[in-house]
Amino acid sequence: MKVLITGGAGFVGSHLAEAFVARGDEVTALDTGSQAKVRHLLGHPRFHLVVDSVMNAEILDGLAAKADLIYHLAGVVGVEHYVADPYHVLNVNVNGTQHVLRAAYKHGRRLVFSSTSEVYGRNPDVPWGEDADRVLGSTSIDRWCYSTSKAASEHFCLAYRRLGLPVTILRYFNVYGPRLDQLDVGRVITIFLGQLLRGEPLTVIGDGTQTRCFTYIDDAIRATIAAGLVREAEGQVLNIGTDQETSIRRLAELMIELGGGRSTVRLVPQERVYGDSYEDVPRRIPDVTRMHRTLGVLARTPLEEGLARTIAWFRGAKAAAGQSDGV
Ligand code: UDP
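Residues numbered from 1 in each chain as written. Predicted model: local features only at pLDDT ≥ 70, side-chain atom pairs only at ≥ 80, totals over all residues. Heavy atoms only, no water.

**Side note on the sheet that holds strand E1 (residues 2-6)**
In spatial order, the strands read E3-E2-E1-E4-E5-E6-E11; together these seven strands make up an open sheet with parallel pairing. The outermost strands of the open sheet, each flanked by one partner alone, are strand E3 (47-50) and strand E11 (237-240). Pairwise comparison of adjacent strand axes, ignoring direction, gives a mean angle of 20 degrees for this sheet. As paired strands, strand E2 (residues 26-30) and E3 are joined by four bridges and run parallel to one another. Paired with Thr 28 across the strands is His 48, a residue of E3. (Pairing = 2+ DSSP bridges. Helix = DSSP H or I, 4+ residues; strand = E, 2+ residues; numbered from the N terminus. Axes fitted to C-alpha atoms, helices over the stretch in contact; angles between N-to-C directions.)

**With respect to helix H5 (residues 144-162)**
Within an α-helix, residues lying three or four positions from one another point in the same direction, as the helix has 3.6 residues per turn. Compared with the 27 Å implied by 1.5 Å per residue over 19 residues, the 27 Å span of H5 between its first and last C-alpha is a close match. What H5 keeps buried is the set Trp 144, Cys 145, Tyr 146, Ser 147, Ser 149, Lys 150, Ala 151, Ser 153, Glu 154, Cys 157 and Tyr 160. Those residues of H5 that are buried are in contact with helix H3 (79-84), helix H4 (86-107), strand E5 (110-116), strand E6 (167-172) and E11. (Expected span 1.5 Å × (residues − 1). Buried < 20%, exposed > 50% of the residue type's maximum accessible area, 1.4 Å probe, protein only. Contact = heavy atoms within 4.5 Å.)

**A short note on the pattern of salt bridges**
This structure, assessed with the given rule, holds 21 salt bridges. Of the charged contacts in the structure, one is a salt bridge between Arg 290 and Asp 131, with a shortest N-O distance of 3.4 Å. Placement of the pair is Arg 290 in helix H10 (residues 289-295) and Asp 131 in the loop between E5 and H5, with a sequence separation of 159 residues. (Salt bridge = Lys/Arg side-chain N within 4 Å of Asp/Glu carboxyl O.)

**Notes on the packing of helix H8 (residues 248-259) against helix H11 (residues 303-320)**
Between two packed helices, both the angle of their axes relative to each other and the distance between the axes serve to describe the pair. At a closest axis distance of 10 Å, the pairing of H8 and H11 adopts a crossing angle of 60 degrees. One finds that H8 runs oblique with respect to H11. Two packed elements cross with a definite hand, and for H8 against H11 that hand is right-handed. Of H11, the residues touching H8 (which contributes Leu 251, Leu 254, Met 255, Leu 258 and Gly 259) are Leu 303, Glu 304, Leu 307, Ala 308, Ile 311 and Arg 315. (Parallel < 35°, antiparallel > 145°, perpendicular 65-115°, else oblique. Left-handed = near helix turned anticlockwise from the far one by under 90°.)

**Some details on the environment of Val 135**
Note that Val 135 resides in the loop between E5 and H5. When residues no more than four places from it in sequence are discounted, the contact partners of Val 135 are Tyr 120, Gly 121, Arg 122 and Asn 123.

**A short note on the site of the ligand**
If you check the shell around the ligand, you find 18 residues, and the closest are Val 188, Thr 203, Arg 212, Asp 280 and Arg 284. Residue Thr 203 places a main-chain N or O atom 2.7 Å away from a nitrogen atom belonging to the ligand. At 2.7 Å, a side-chain N or O of Asp 280 approaches an oxygen atom of the ligand. Alone, the ligand offers 520 Å² of accessible surface; in the complex the protein occludes 95% of this. Elements supplying a minimum of two residues to the shell around the ligand: helix H6 (188-198) and strand E8 (202-205). (Near = heavy atom within 4 Å. Polar contact = N/O pair within 3.5 Å; in protein donor to acceptor, adjacent residues only side chain to side chain. Areas by Shrake-Rupley, 256 points an atom, 1.4 Å probe, with all protein chains shown as cover.)

**A look at helix H7 (residues 217-229)**
For H7, spanning 13 residues, the distance from its first C-alpha to its last is 18 Å, which sits close to the expected 18 Å at 1.5 Å a residue. When you tally the buried positions in H7, you get ten out of 13 residues, the bulk of the element. Buried within H7 are the following residues: Ile 217, Asp 219, Ala 220, Ile 221, Ala 223, Thr 224, Ile 225, Ala 226, Ala 227 and Gly 228.

**Quick look at the nonpolar core**
Ranked by size, the top nonpolar core spans 58 residues in total, and within it Tyr 71, Ile 189, Ile 240 and Leu 295 carry the most contacts. Discounting chain neighbours no more than four positions away, the residues touching Leu 295 are Ala 223, Ala 226, Ala 227, Ala 233, Leu 238, Ile 240 and Arg 290. If you look at the next biggest cluster of nonpolar residues, it comprises 29 residues, including Leu 30, Leu 60, Ala 67 and Val 237. (Core = buried A, V, L, I, M, F, W, Y, C linked by side-chain atoms within 4.5 Å.)

**Points about the packing of aromatic side chains**
Counted according to the given criterion, the structure contains nine aromatic pairs. Between the aromatic rings of Phe 20 and Tyr 71, the centroid separation amounts to 5.6 Å while the plane-to-plane angle is 50 degrees, which identifies the pairing as tilted. With Phe 20 in helix H1 (residues 11-23) and Tyr 71 in strand E4 (residues 69-72), this pair connects stretches of sequence that are 51 residues apart. With centroids separated by 5.5 Å and ring planes inclined at 65 degrees, the aromatic side chains of Tyr 176 and Tyr 216 adopt a geometry described as edge-to-face. With Tyr 176 in strand E7 (residues 175-176) and Tyr 216 in strand E10 (residues 215-216), this pair connects stretches of sequence that are 40 residues apart. By the burial criterion, Tyr 176 is buried, and Tyr 216 matches it. Cation over ring: Arg 143 sits above Trp 144, and NZ or CZ is 5.4 Å from the ring centre. (Phe/Tyr/Trp six-rings, centres within 6.5 Å; stacked < 30°, edge-to-face > 60°. Lys NZ or Arg CZ within 6 Å of the ring centre and 35° of its normal.)

Below is the structure:
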């Protein structure tokens, strides 16, 4: 099978590409970003990297014509982007998705779209089934631009579904693992990792009681592959994740335990990190019933195990980069 993955050189995309190549499929990754996460795949005869953007509709059209199955994973993600450059987030996420949808529809290709647990916002009524309400703050709070961009993209997907496009929407819950982000940037686990590996305090924002369900990449990939192959997934919206809830404070403590260093936990006020253009989500938990029923997949990697593997991978990568900031 020929699989096109937009954002195929990103964190989830690179793992997905690797898994499809291992299955014996042929993968084309479309990505503008760094090639670091797919370097190990570059020489493989069934892996092709096209360095271009989903904003380029012509390229997409040509690639969609040649694919049997399309995954649209390209997007701008990371709280630092939501706060620093909301235009970029909205433009790429909404307009890029429209280009992908148009190409998939034109060529009659099955599409899997990667959305996010952020679409539920801060709905206090956890766990969230896929039909749960979206509870978001004001548009003057930049943080919500990502959630909004993905929700608008979901609406576009569902509109195309009405026209007959076989599309599946996946809402990922805090996926982590090797190759996540660069140390010190991006999501909480890579920020904590940078601090941990230098023996510095881990900066827990607020009081650390806010929770997330950290999903190990291998579990997310099993579900993502099934979503592209299982017929029952067509037309569905699915939460993808674990329902094991962990507070950020506990995450920090666990990472310190597993990392075996001299780091401590330091609580920092939220405004000091993000300014006033940010609101945190107090609890985020998926209902995974539909994922299990539709895809036959449940997350099975305990947080301790996933974190241990992630810490070991980043340690190795850091050592290989010779203490430079190349990780
Ligand atoms: N967080 C933290 N310290 C940091 C970075 C993030 O305590 O240095 C918290 C953040 O406030 C949020 C959680 O970790 O409550 C997860 O943040 P992340 O940016 O990974 O993504 P989110 O799940 O909020 O989209």
